[in-house]
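Chain residues, written in single-letter form:
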Amino acid sequence: MERMIKLRNLDIREAGLEYLPEGVRNWKSLQTLSNFIVSSATEGCKIEELKHHNLLQDCVKIEWVGDLKSVEQAAEARLQAKSQLTELELDFYFGEEIVLASTPEALEEKRLMESVLGVLQPHSNLKKFTISEYSGFKFPSWMGDTITAAQGWEVWEFANGEIQVGVMMPRVTSINIHNCPNLIAFPALNKLPSLKKLKIEYADKLTSISREFYCNGCNTLLFPKLVDLDIGNMKNLEVLVLGAITDGEKVDTSSDIGILPGLKSLTIHGCPVLKSLRFLTKSVPSLEEIPWWTLKEFKFRGDEQEEEEEADLSLLPRLLNLDFLDSEEE
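Cut-off values and rules
- Residues numbered from 1 in each chain as written.
- Predicted model: local features only at pLDDT ≥ 70, side-chain atom pairs only at ≥ 80, totals over all residues.
- Heavy atoms only, no water.
- Helix = DSSP H or I, 4+ residues; strand = E, 2+ residues; numbered from the N terminus.
- Contact = heavy atoms within 4.5 Å.
- Phe/Tyr/Trp six-rings, centres within 6.5 Å; stacked < 30°, edge-to-face > 60°.
- Buried < 20%, exposed > 50% of the residue type's maximum accessible area, 1.4 Å probe, protein only.
- Salt bridge = Lys/Arg side-chain N within 4 Å of Asp/Glu carboxyl O.
- Core = buried A, V, L, I, M, F, W, Y, C linked by side-chain atoms within 4.5 Å.
- Pairing = 2+ DSSP bridges.

## Overview of the overall build of the protein chain
Here is step 1 of the chain: Along its length, the protein chain carries three helices and 18 strands.
Here is step 2 of the chain: Taking all contacts inside the protein chain whose residues are at least 6 apart in sequence as the whole, residues at least 24 apart take part in 68%.

Okay, here's the thing in structure tokens:
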């Protein structure tokens, strides 16, 4: 296959391949590649060969990222150089024994995956990002911020060169976080200026989602374009707080904070122990749909130290659908 030097498009989604053949680097004209399979087999194509394909566009799914053995290997993919790539899926396919294990070896493997993800930063033109089967405890900073001239870059140095890792996803409109069971913290996703759709599911260690979703001391709009928030299958999630206050600060109820100004759909499903949904803002005027099932607390404004009143549904003037599902009798 290495002689197919004029190949432009390759779709292997239904091929059932375990690895790509060697020689991919010779496909200099390749523009679309549905899947890239990371292989530990000696005869398979290595992820380093992706660095030869800066013409790749549209969407690519990189599978079995969890098989990478070093950060240096991941860095060689040079995803930041692929300016025409608008959609990226990273599937780690971790083994269950790694997720459940607490041995030093398992912990080292999880930390390795965090570092691998850290150098797989895509180009700033990316619009859709999906990460699944990730065993790390946290995400890199580039997932939750935008770069400014005053901000620096983190430089990762390797024997064969270096790669700059910044904070840059200014154009991403959709993020899908699927089956990251060890995840315990989020980057500041609220800072992404173009984010319209956010889906988080199967993050089993999370019991509360609150301050990770907003920045402390931030005076700008938070989630300025978010329209659709989907949180599902979080078996230990008890509290969901959406808003912005600084640590120890009392919320000024006399003025509104620019939080979730465009949110229209809040979907929450498969969260059997969720008891509290709170908005640290006066209202969410655009919200059209909200689920309501095991909730015992639904409030607007105030922080954990303040006495609050139950929310007035008139603060949701555009609410069209209010679902009562599996509600518990008190």
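So, next bit.
## Observations concerning the packing of aromatic side chains
Here is step 1 of the chain: One pass over the structure, following the stated rule, counts five aromatic pairs.
Here is step 2 of the chain: Here Phe129 and Trp142 contribute two aromatic rings whose centre-to-centre distance is 5.8 Å and whose plane-to-plane angle is 70°, an arrangement assigned as edge-to-face. Of this pair, Phe129 sits in strand E6 (residues 128-132) while Trp142 is found in the loop between E6 and strand E7 (154-158), placing the two residues 13 residues apart along the sequence.
Here is step 3 of the chain: By relative accessible area, which is 1% here, Phe129 ends up buried.
Here is step 4 of the chain: The exposure class assigned to Trp142 is buried, which follows from its relative accessible area of 0%.

## A look at the pattern of salt bridges
Here is step 1 of the chain: Within the structure shown, the criterion is met by five salt bridges.
Here is step 2 of the chain: Of the charged contacts in the structure, one is a salt bridge between Arg13 and Asp11, with a shortest N-O distance of 2.4 Å.
Here is step 3 of the chain: Exposure remark for Arg13: the relative accessible area of 58% places this residue in the exposed category.

## Quick notes on the nonpolar core
Here is step 1 of the chain: Formed by 74 residues in total, the largest nonpolar core has its most connected members in Ile62, Phe129 and Phe139.
Here is step 2 of the chain: Sort the elements by how many residues they give to this core and helix H3 (residues 104-118) lands first, with four residues.
Here is step 3 of the chain: With residues up to four places along the chain from it excluded, the contact list for Phe129 reads Leu88, Leu90, Trp142, Met143, Met169, Val172, Ser174, Ile175 and Asn176.

## Here's the deal with the environment of Leu263
Here is step 1 of the chain: Checked against the element boundaries, Leu263 lands in the loop between strand E13 (239-243) and strand E14 (265-269).
Here is step 2 of the chain: Note on Leu263: relative accessible area 0%, which makes it buried.
Here is step 3 of the chain: Counting along the chain gives 34 residues from Leu263 to Leu229, while the straight-line C-alpha distance between them is 7.6 Å.

## Observations regarding unusual backbone geometry
Here is step 1 of the chain: If you check the backbone angles, Asp58 has positive phi at about 60° while not being a glycine.
Here is step 2 of the chain: With respect to the helices and strands, the residue Asp58 is situated in strand E4 (residues 58-63).
Here is step 3 of the chain: The residue Arg78 is not glycine, and still its phi comes out positive at about 50°.
Here is step 4 of the chain: One can find Arg78 in the loop between helix H1 (71-75) and strand E5 (85-91).

## With respect to the pairing of E5
Here is step 1 of the chain: In terms of strand pairing, E4 meets E5 through six bridges, oriented parallel. Directly across from Ile62, in E5, lies its bridge partner Leu90.
Here is step 2 of the chain: One ladder, built from five bridges, connects E5 with E6; its direction is parallel. Its bridge partner lying in E6, Glu87 is registered against Lys128.

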